[in-house]
Amino acid sequence: MISKTLAEQTQETVEAFIGGLPEDVQQVVGGAFERLLNSNITEHAKGIGDVAPQFCLPNVRGGDTALPQLLENGPVVLSFYRGGWCPFCNLELQALQAYLPQFRELGASLIGISPETPDHALTTAERHALEFEVLIDSGNRVARDYGLLYAVHEPMRPLYLRWGLDVPAHNGEDNWELPVPATYLIDRDSVV
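First, a word on what this report is: a plain description of the structure on this page. Here the structure is a predicted model, which means the values were calculated and not measured.

What counts and what doesn't
- Residues numbered from 1 in each chain as written.
- Predicted model: local features only at pLDDT ≥ 70, side-chain atom pairs only at ≥ 80, totals over all residues.
- Heavy atoms only, no water.
- Pairing = 2+ DSSP bridges.
- Helix = DSSP H or I, 4+ residues; strand = E, 2+ residues; numbered from the N terminus.
- Axes fitted to C-alpha atoms, helices over the stretch in contact; angles between N-to-C directions.
- Buried < 20%, exposed > 50% of the residue type's maximum accessible area, 1.4 Å probe, protein only.
- Polar contact = N/O pair within 3.5 Å; in protein donor to acceptor, adjacent residues only side chain to side chain.
- Contact = heavy atoms within 4.5 Å.
- Phe/Tyr/Trp six-rings, centres within 6.5 Å; stacked < 30°, edge-to-face > 60°.
- Salt bridge = Lys/Arg side-chain N within 4 Å of Asp/Glu carboxyl O.
- Core = buried A, V, L, I, M, F, W, Y, C linked by side-chain atoms within 4.5 Å.
- Right-handed = clockwise from strand over helix to strand, strands pointing away.

Section: the sheet that holds strand 8 (residues 182-186)
For step 1, the next point in the chain: Taken in spatial order, the 4 strands make up an open sheet running 5-4-3-8, and their pairing is mixed. The two strands at the open ends of the sheet, each matched to only one other strand, are strand 5 (133-136) and strand 8. Between one strand and the next, the sheet's axes are offset by a mean angle of 20 degrees, whatever the strand orientation.
For step 2, the next point in the chain: Two elements, strand 3 (residues 76-80) and strand 8, share 5 bridges in a ladder whose sense is antiparallel. Bridged to Ser79 within strand 8 is Thr183.

Here you go:
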């Protein structure tokens, strides 16, 4: 049996999620998706050939992880995700975990990075049995440096709350900012 690709799994999850919503809520969600897709965020995000911003962040095991030290050992696959509450991010985390042996075989480190509080980030790492570093980007400082930060569309906020997700409380902040999910490959010279 052939496994589904991450793109196929994500598409199915999107369709099931949106299809299960009342029509008025579908319009709000669809509008938020469209607004994000039509934003110019990708024009300002770090891209191929850019120098990757350096950072040192706490990891879920209580230590710190610094990009420069990781790059001394080889390239780094850096994946920004919104949080363990996000079904699309969870699919990506599981896919990355599945490819971890290949990344390691090629000499690369894999890092997940999220604005979740340390407790929530640890729960995400444990729930998915992640064997790679998960870092806590409090205040989305690193996501901002990479040009990935966006504010949750205002009409979506009451829906998030209705679904049991208080983004500011979940992230330990007083705003509705999240990173656009993105994955970077950074070479030993800190170039994307």
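We are not done yet, so read on.
Some details on the side chain of Ser190
For step 1, the next point in the chain: With respect to the helices and strands, the residue Ser190 is situated in the segment after strand 8.
For step 2, the next point in the chain: Owing to a relative accessible area of 12%, Ser190 belongs among the buried residues under this scheme.
For step 3, the next point in the chain: At a separation of 3.1 Å, a polar atom in the side chain of Ser190 contacts the side chain of Gln54.
For step 4, the next point in the chain: In this view, Ser190 contacts Asp50, Val51, Ala52, Gln54 and Leu71; residues no more than four positions away in its chain are not counted.

Let's talk about the packing of helix 1 (residues 6-19) against helix 2 (residues 23-38)
For step 1, the next point in the chain: The interhelical angle for the contact between helix 1 and helix 2, taken along N-to-C directions, is 145 degrees, at an axis separation of 9 Å. Across the interface between the two elements, Val14, Phe17, Ile18 and Gly19 from helix 1 touch Gln26, Val29 and Phe33 from helix 2.

So, the packing of aromatic side chains
Remark: the centre distance and the inter-plane angle together describe each pair of aromatic rings, the angle taken between the planes.
For step 1, the next point in the chain: With the rule as written, the count across this model stands at 6 aromatic pairs.
For step 2, the next point in the chain: Taken together, a centroid distance of 5.2 Å and an interplanar angle of 55 degrees make the contact between Phe80 and Tyr146 tilted. Of this pair, Phe80 sits in strand 3 while Tyr146 sits in the loop between helix 7 (141-145) and strand 6 (149-151), and the two are 66 residues apart along the sequence. No difference in accessibility class separates Phe80 from Tyr146, as the two residues are buried.
For step 3, the next point in the chain: Aromatic side chains Trp85 and Tyr160 sit 5.7 Å apart centroid to centroid with 70 degrees between the ring planes, which places their arrangement in the edge-to-face category. Pair noted here: Trp85 is in the loop between strand 3 and helix 5 (87-105) and Tyr160 is in helix 8 (residues 157-162), with a separation of 75 residues, a long-range link.
For step 4, the next point in the chain: What makes Tyr160 buried here is its relative accessible area of 8%.

Some details on the pattern of salt bridges
For step 1, the next point in the chain: Taken as a whole and assessed by the stated rule, the structure comprises 4 salt bridges.
For step 2, the next point in the chain: In this structure, Asp145 engages Arg141 in a salt bridge whose closest nitrogen and oxygen atoms are separated by 4.0 Å. Of this pair, Asp145 and Arg141 are both found in helix 7, 4 residues apart, which corresponds to roughly one turn of the helix.
For step 3, the next point in the chain: The exposure class of Arg141 is partly exposed, given its relative accessible area of 38%.
For step 4, the next point in the chain: A salt bridge links Glu177 to Arg144, with the shortest nitrogen-to-oxygen separation between them at 3.0 Å. Here Glu177 is found in strand 7 (residues 177-179), whereas its partner Arg144 is found in helix 7, with 33 residues between them in sequence.
For step 5, the next point in the chain: In this structure Glu177 comes out as partly exposed when scored by relative accessible area, which is 22%.

With respect to the nonpolar core
For step 1, the next point in the chain: Residues Phe55, Leu67, Leu78, Phe80, Tyr146, Tyr184 and Ile186 are the most contacted members of the largest nonpolar core, which totals 22 residues.
For step 2, the next point in the chain: For this core, the secondary structure elements donating two or more residues are helix 4 (67-73), strand 3, strand 4 (109-114), helix 7 and strand 8.
For step 3, the next point in the chain: Judged by nonpolar contacts, the second largest core, of 18 residues, contains Val60, Leu100, Ala121 and Ile136.

A word on the pairing of strand 4
For step 1, the next point in the chain: Taking burial as the measure, the 6 residues of strand 4 include 5 buried ones, the bulk of the element.
For step 2, the next point in the chain: Two strands pair when backbone bridges link them, and strand 3 and strand 4 are joined in this way by 5 bridges, in the parallel orientation. Looking across to strand 4, one finds that Leu78 is bridged to Ile111.
For step 3, the next point in the chain: Taken together, strand 3, helix 5 and strand 4 constitute a β-α-β crossover, and its handedness is right-handed.
For step 4, the next point in the chain: The pairing of strand 4 with strand 5 spans 4 bridges and is parallel.

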